[in-house]
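Secondary and tertiary structure notes
If you want the building blocks of each chain, they are given just below.
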Amino acid sequence: MWQTPQHIKNDYPSSSFLQDNRVVFNIKENSYRLIVKINYDFAIFWIRFIGTHSEYYKINAATI
């Protein structure tokens with residue numbers, strides 16, 4: 001179970017961290033992006049976005 005951003009980084013070195021406990025994961029050799037919002041205290045994950053890179057660049061990842 002991930003309890004800190006470092007735990008995620010250890011498992012997924014290419015992940016990126018945004019404000020408000022959001023994490024961006026690259027999927028399928030960077031073909032897609034997944035954004036999740038994490039509540040580490042309760043181990044809750046909310047999927048905020050999943051899509052292609054071109055779709056990703058049309059959104060605001062920090063507020064979606």
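No experiment lies behind these values; they were computed from the predicted model shown.

Spatial strand order, β1-β2-β3-β4: 4 strands in an open sheet with antiparallel pairing. Whereas interior strands pair on both sides, the edge strands pair on one side only; in this sheet they are β1 (16–18) and β4 (44–52). Each neighbouring strand pair of the sheet contributes to a mean axis angle of 25°, computed without reference to strand direction. Bridging between β1 and strand β2 (residues 22–27) involves 3 bridges; their strand directions are antiparallel. Directly across from S16, in β2, lies its bridge partner V24.

Time to look at the side chain of R22. Locating R22 in the fold gives a position in strand β2. For R22, a relative accessible area of 6% puts it in the buried group. Among the polar contacts made by the side chain of R22, one reaches the main-chain carbonyl oxygen of I64 at a distance of 2.4 Å. When sequence neighbours within four positions are dropped, the list of residues in contact with R22 reads S16, F17, I35, V36, K37, R48, A61, A62, T63 and I64.

What counts, and at which threshold
- Residues numbered from 1 in each chain as written.
- Predicted model: local features only at pLDDT ≥ 70, side-chain atom pairs only at ≥ 80, totals over all residues.
- Heavy atoms only, no water.
- Pairing = 2+ DSSP bridges.
- Helix = DSSP H or I, 4+ residues; strand = E, 2+ residues; numbered from the N terminus.
- Axes fitted to C-alpha atoms, helices over the stretch in contact; angles between N-to-C directions.
- Buried < 20%, exposed > 50% of the residue type's maximum accessible area, 1.4 Å probe, protein only.
- Polar contact = N/O pair within 3.5 Å; in protein donor to acceptor, adjacent residues only side chain to side chain.
- Contact = heavy atoms within 4.5 Å.

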